[in-house]
Amino acid sequence: MPEQSDRLVPLNHAVPRRRFLGYVIGGATLVAAADLGLLAERASAVIPTVPQPAELYDLNDALTDAARPTANLITVEIHEDGTASFSLPRAEVGQGITTSSAMLIAEELDLPLDKVVVTLAPARPELLFNQLTGGSNTTIATYTPIRVAAAVAKAALLEAAAIVLGDTVGALVAKGGVISAPNGASVTYGELAVRAASPTTRSIEVELKASSDFTVIGTPQNRVDALAAVTGTKDFTTDLQVDNALPTMICRAPTLNGTAKSINNEAAVTAMPGVTHVALLDFGVAVRARTFGQCIDAVRALDVVWAEGPVAGESDATIVKQVRAAQLPMPALPANPLVQTVTGDFVFYFRSNSPMDTNSAIADVRADSATIWAGLKSPIVAQQRIAEALGMAEDQVKVNVVTAGGSFGRRLFFDGALEAARISQAMGQPVKLMWHRADDARAGRAHPLGTCRVQATYLGGEVLSFNQSLTCVETDYRHGLGELLTARGSDLPGGLGNQGFAQTIFALTQEIPYNFGEVTQTVLEVDERFNTGSMRNIYSPDVRVAAELVVDQLAARMKMDPLAFRLKFERNDRLRAVLQKVAAAGEWGRPMAPGTAQGIAIHKEYKGVSACVVEIDARPVTVDRSIPNAVTGPRVTRVTYAIDAGRVVNPRGLEAQMQGGINDGIALALTSSLHLRDGHFLEGSWDNYFYTRQWNTPPRVDVIVMPSDSEQPGGAGEAGVAATFAAVACAYARATGTVPTHFPINHDTLSFTPKPFIPPIPQSPTNGLQLTW
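Criteria and cut-off values
- Residues numbered from 1 in each chain as written.
- Predicted model: local features only at pLDDT ≥ 70, side-chain atom pairs only at ≥ 80, totals over all residues.
- Heavy atoms only, no water.
- Helix = DSSP H or I, 4+ residues; strand = E, 2+ residues; numbered from the N terminus.
- Rg over C-alpha atoms; globule rule 2.2 N^0.38 Å.
- Buried < 20%, exposed > 50% of the residue type's maximum accessible area, 1.4 Å probe, protein only.
- Pairing = 2+ DSSP bridges.
- Axes fitted to C-alpha atoms, helices over the stretch in contact; angles between N-to-C directions.
- Contact = heavy atoms within 4.5 Å.
- Core = buried A, V, L, I, M, F, W, Y, C linked by side-chain atoms within 4.5 Å.
- Right-handed = clockwise from strand over helix to strand, strands pointing away.
- Phe/Tyr/Trp six-rings, centres within 6.5 Å; stacked < 30°, edge-to-face > 60°.
- Salt bridge = Lys/Arg side-chain N within 4 Å of Asp/Glu carboxyl O.
- pLDDT = per-residue confidence, 0-100.
- Parallel < 35°, antiparallel > 145°, perpendicular 65-115°, else oblique.
- Left-handed = near helix turned anticlockwise from the far one by under 90°.
- Nonpolar A, V, L, I, M, F, W, Y, C, P; charged D, E, K, R; others polar.
- Polar contact = N/O pair within 3.5 Å; in protein donor to acceptor, adjacent residues only side chain to side chain.

## Observations concerning the overall build of the protein chain
Alright, step 1. The helix and strand tally for the protein chain stands at 20 helices and 31 strands.
Alright, step 2. Relative to its length of 773 residues, the protein chain is compact, with a C-alpha radius of gyration of 27 Å against a globular reference of 28 Å.
Alright, step 3. The principal-axis extent of the C-alpha atoms belonging to the protein chain is close to 80 × 75 × 55 Å.
Alright, step 4. Here the protein chain holds 773 residues, and the buried ones make up 61% of them.

## Comments concerning the sheet that holds strand 6 (residues 173-175)
Alright, step 1. Spatial ordering of the open sheet is given by 6-7-8, a layout of three strands whose pairing is antiparallel. Each having just a single partner strand, strand 6 and strand 8 (186-188) make up the two edges of the open sheet. Across the sheet, the axes of successive neighbouring strands diverge by a mean angle of 20 degrees, strand direction being ignored.
Alright, step 2. Of the strand pairs in this sheet, strand 7 (residues 178-180) and strand 8 are connected by three bridges, and their pairing is antiparallel. Across the sheet, residue Val178 finds its bridge partner in strand 8, namely Thr188.
Alright, step 3. Sitting on the sheet, helix 4 (residues 138-165) is in contact with strand 6, strand 7 and strand 8, with an inclination near 50 degrees to strand 7.

## A short note on the sheet that holds strand 23 (residues 462-472)
Alright, step 1. Read across the open sheet, the five strands follow the order 24-23-22-15-31; overall the sheet is mixed. Two strands lie at the open edges of the sheet, namely strand 24 (518-525) and strand 31 (742-743), each paired on one side alone.
Alright, step 2. Summarising the sheet, strand 15 (residues 340-348) and strand 22 (residues 450-459) pair through nine bridges and their orientation is antiparallel. Paired with Thr341 across the two strands is Thr457, which belongs to strand 22.
Alright, step 3. Across the sheet, helix 15 (residues 540-557) lies against strand 15, strand 22, strand 23, strand 24 and strand 31, angled at about 150 degrees from strand 15, the strand it touches most.

## Brief notes about the nonpolar core
Alright, step 1. Judged by nonpolar contacts, the single largest core of 94 residues is most densely connected at Phe466, Phe516, Tyr539, Leu554, Phe565 and Phe743.
Alright, step 2. Among the elements that make up this core, the one with the highest residue count is helix 20 (residues 721-736) (twelve residues).
Alright, step 3. For Phe516, the contacting residues outside a window of four places in its chain are Ile47, Thr49, Val463, Leu464, Ser465, Phe466, Val551, Leu554, Phe565 and Phe569.
Alright, step 4. By size, the runner-up hydrophobic cluster in this structure holds 62 residues, among which are Leu158, Ala162, Ile204 and Val206.

## Concerning the pairing of strand 4 (residues 84-88)
Alright, step 1. The alternating pattern of strand 4 places Ala84, Phe86 and Leu88 on a buried face and Ser85 and Ser87 on a face that is not buried.
Alright, step 2. Bridge count for strand 3 (residues 75-78) against strand 4 is three bridges, and the pairing is antiparallel. Bridged to Ile78 within strand 4 is Ala84.
Alright, step 3. In sequence, strand 3 turns back onto strand 4 through a hairpin of five residues, with Gly82 there showing a positive phi of about 90 degrees.
Alright, step 4. Sheet topology places strand 4 next to strand 5 (residues 116-120); five bridges connect them, and they run parallel. Residue pairing for strand 5: Leu88 is matched across the bridge by Leu120.
Alright, step 5. Assessed by its sense of winding, the connection that carries the chain from strand 4 through helix 3 (residues 97-109) to strand 5 is right-handed.

## Observations regarding the packing of aromatic side chains
Alright, step 1. In the structure shown here, the tally under the stated rule is 16 aromatic pairs.
Alright, step 2. Centroid distance Phe530 to Phe681: 6.5 Å. Interplanar angle 45 degrees. Geometry classified as tilted. You can see Phe530 sitting in the loop between strand 24 and helix 15 and its partner Phe681 sitting in strand 29 (residues 680-681), a full 151 residues away along the chain. The same class applies to Phe530 as to Phe681, namely buried.

## Let's talk about unusual backbone geometry
Alright, step 1. In the segment running from Phe743 into Pro744, the intervening peptide bond is cis, with an omega of -5 degrees.
Alright, step 2. When you line up the elements, Pro744 lands in the segment after strand 31.
Alright, step 3. Positive phi, normally seen in glycine, also occurs at Asp110, with a value near 55 degrees.
Alright, step 4. Mapped onto the elements, Asp110 comes out in the loop between helix 3 and strand 5.
Alright, step 5. One non-glycine residue, Ile538, lies in the positive phi region at around 50 degrees.
Alright, step 6. Positionally, Ile538 belongs in the loop between strand 24 and helix 15.
Alright, step 7. Its relative accessible area of 10% is what places Ile538 among the buried residues.

## A few points about the pattern of salt bridges
Think of it this way: side chains of opposite charge can pair up when their charged atoms draw near.
Alright, step 1. The final tally for this structure, using the stated rule, is 47 salt bridges.
Alright, step 2. Salt-bridge contacts for Arg571 lead to Glu55; the nearest nitrogen and oxygen are separated by 2.8 Å. Remark: Glu55 occurs in helix 1 (residues 53-56) and Arg571 occurs in the loop between helix 16 (562-569) and helix 17 (573-585); sequence separation between them is 516 residues. For the residue pair Arg571 and Glu55, the accessibility class agrees, reading buried in each case.
Alright, step 3. The partner of Asp439 in a salt bridge is Arg252, with the nearest N and O atoms 3.3 Å apart. Placement of the pair is Asp439 in helix 12 (residues 437-443) and Arg252 in the loop between strand 10 (246-251) and strand 11 (259-263), with a sequence separation of 187 residues.

## As for the confidence of the model for the protein chain
Alright, step 1. Averaged over every residue, the pLDDT of the protein chain is 92; the share at 70 or more is 96%.
Alright, step 2. Note that pLDDT drops below 50 for residues 38-44; the model gives that stretch twelve contacts with residues more than four away or on any other chain.

## Let's talk about the packing of helix 10 (residues 379-390) against helix 11 (residues 415-427)
Alright, step 1. One way to put it is that helix 10 packs onto helix 11 with a least axis distance of 10 Å and a crossing angle of 30 degrees. Compared by their axis directions, helix 10 and helix 11 come out roughly parallel. Considering only the axes of helix 10 and helix 11, their crossing is right-handed. Within the contact between the two elements, helix 10 uses Arg385, Ile386, Ala389 and Leu390 and helix 11 uses Ala417, Leu418, Ala421, Arg422 and Gln425.
Alright, step 2. Among the residues forming the contact of helix 10 with helix 11, the class breakdown is six nonpolar, one polar and two charged.

## Overview of the side chain of Lys209
Alright, step 1. Mapping Lys209 onto the fold places it in the loop between strand 9 (202-207) and helix 6 (226-231).
Alright, step 2. Side-chain polar atoms of Lys209 contact the side chain of Glu107, separated by 2.8 Å.
Alright, step 3. At a separation of 2.9 Å, a polar atom in the side chain of Lys209 contacts the side chain of Asp110.
Alright, step 4. Here Lys209 is in contact with Arg18, Glu107, Glu108, Asp110, Arg147, Phe214 and Thr215, once residues within four sequence places are set aside.

The following block contains the structure:
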């Protein structure tokens, strides 16, 4: 990338919002970059609630503003074959952002979608805060910069075409990668790629397309990588072929974060078939072999002396007790004897956010350099921390971002990449590290255990106050905003830096979107001994569930229908619209058999609003149904979900995101949790971590993408979780007549026999065909 800092022209913020400055970057072919230079809702209830911080300035505003100063460093390039390429400074983990980014470029360039190639950028420290994938922020933060860069490229192509075709720019028409003159003469983008290039970097003003002229944005598109994904040709980290990077796995301690002290049989394990290296590190013993099967055999054979981890002897019960002891006091109740109170007290157990694609990385560490390949959502800080660990300068470490199969917040951390780098350095050989499923479940990142209390007061038909307090194990934010400075800040002693991140993120994401008088929401995080992370939607699922369950109780106390109650107290026109839409489409209030019920809930976050109606069957015949090797329980039989996500780039992608979020919400409500016993989690793989399976997936799911006149896209990656979780909880309470007080509701029942902890991973199955039906 050519140096640009001395050539930047300040953005004229007085130009209309569709007009921007950009740059044609000096080079051999055309490269174009962008330069980039706020709302309250109505309230009509008797006792309105003042706007909360997230309504005025939310996490997406913060992330977008952080990315803005380096927006001009992302570029679109036109090639001589007529294609456009873009190196996206974000991680594709299944959310479809390579497709939506390609759509933005195709729109502004008037280029067929299949002519746009989007790859993932390696770690680029010069981007600062502009290479963090999180907070459902990718489309919001990149929507304008990508379009501006593409528009600048098109403007340069038109200028070059005007010379070639001997006409004015205004008379030319660009369509499908071809620029035509009124006389019928034409020239392709590929033919102009070199002509349109500039020997020096120059600024150029462009006007983006009006939304009324969109032909790509807002149209349903299949993912650009869909065929590769379903045919097995899509490359994930463990698919990459790096010279001499042999399979590598880790033998881990039987207690969480225990450390390896010594190996009793290193020589015998090293002599096993295929094994090339065995290395003792503090986090475990690494084994490198010719095949992963040989790695598994060697890991299982290791005899290691372990030091117990920091939570040895702890269990769910002891951690809940500690969290409760740290709870902040709730506000004093009013002295007026006529004021009534509704309270709720809920426990949310640890949950795994391990994706289907395990935490894997390839590392090739040499004496003076290191190269890393991994699915990473914060590659800059990964590069910086790896350099520290290896004793190298930052520019000696190259970090390549690889497409990953899922994240759910997990890949904000780079645990596997850091481990792979340290193992490669210790062995003096390239390694292809793969975490076993047991590693992911037992040593990976988890959503923290917590309690959430709600206290609401009301008088007559009005809510006077609504106070909510979340107390939980620490959510680890030591990745910072994706670079080393904020990462160091979040790692201040005693958890103080991380607590500051927690308070800020909680304040910028949480709100009670009802007119409930005096509203307070607080968070306190208390225990930093666990491996945690920002599981999909961070605090919102737990906070929303607790709030919506109490909302239903308030409605019952006031003898109001849950929908009518929400419509009375909502304070956002967009929320009212999605509520009314989902209620009509979901047939809210239709007759339901005993033991079945509907539930309704809302959520507002990341510039979007959503509402969900579910139907649940909690009758014994359903709860006790028998399916081989399955956990069943109550079944959600129907989900209707309506979302207003503002300007939608790819409606088909948004619908897919909601479908995934719906299944997440059902799992969190009914079946999915980690059981902590004696300092370790019992779950050891997907066969005993009970995510929503086919037999628990609703037979009917309807996702409604609401029309919007907003020019701003909203976040979608996490939007489906919280409202679904809350609606399922509310439906379960109505179906059973009992308000659940812990989640998932089946947590108290251990429905499997735990796999052993020594050896730490099970033997690879040899009878897989016998387990299919």
